[in-house]
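The residues making up each chain are set out below.
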Amino acid sequence: MKIKLRNSKIKKAKKTGFRTRQKTVGGRKINRRQRARHGSI
């Protein structure tokens, strides 16, 4: 995933959205875990 940002902190922040996580298998796993814990997010 190419992001046009030099600042690493902002890069990490950009990668933590719900939609961003849904795009990968690992991210889906995390979202599923959250849903299981707290009901629908």
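The shown structure was predicted, so the numbers you read here are calculated from the model rather than taken from an experiment.

**Q** Give me the overall build of the chain: which residues, what numbers.
**A** Looking only at helices and strands, the chain has three helices and zero strands in total. Shown N-terminal to C-terminal, the secondary structure of the chain runs as helices and strands in the order α-α-α. Principal axes of the C-alpha set define a box for the chain whose edges measure 35 × 15 × 10 Å. Counting the 41 residues in the chain, one finds 10% classified as buried.

**Q** I'd like a description of the confidence of the model for the chain, backed by residues and values.
**A** For the chain, mean pLDDT is 87; residues scoring 70 or higher make up 95% of the total. The secondary-structure element of the chain with the lowest mean pLDDT is helix 1 (residues 8-14), recorded at 86, while helix 3 (residues 25-38) shows the highest, at 93.

**Q** Residues and numbers for the environment of Arg 37, please.
**A** The residue Arg 37 is located in helix 3 in this model. Between the C-alpha atom of Arg 37 and that of Lys 4, which follows or precedes it by 33 residues, the distance is 34 Å.

**Q** Please give an account of helix 3 that cites residues and values.
**A** Its 14 residues give helix 3 an end-to-end C-alpha distance of 20 Å, which sits within 8% of 20 Å, the value for a rise of 1.5 Å per residue. Downstream of helix 3 by a residue or two, Gly 39 has a phi angle that is positive, lying close to 75 degrees.

**Q** Tell me about the side chain of Arg 21, residues and numbers included.
**A** Mapped onto the elements of the fold, Arg 21 is located in helix 2 (residues 18-22). Look at Arg 21 and you get buried, because its relative accessible area is 18%. A polar side-chain atom of Arg 21 sits 2.9 Å from a polar atom in the side chain of Asn 31. Beyond its immediate chain neighbours, meaning those up to four positions away, Arg 21 contacts Lys 15, Thr 16, Gly 27, Arg 28, Ile 30, Asn 31 and Gln 34.

The rules we used
Residues numbered from 1 in each chain as written. Predicted model: local features only at pLDDT ≥ 70, side-chain atom pairs only at ≥ 80, totals over all residues. Heavy atoms only, no water. Helix = DSSP H or I, 4+ residues; strand = E, 2+ residues; numbered from the N terminus. Buried < 20%, exposed > 50% of the residue type's maximum accessible area, 1.4 Å probe, protein only. pLDDT = per-residue confidence, 0-100. Expected span 1.5 Å × (residues − 1). Polar contact = N/O pair within 3.5 Å; in protein donor to acceptor, adjacent residues only side chain to side chain. Contact = heavy atoms within 4.5 Å.

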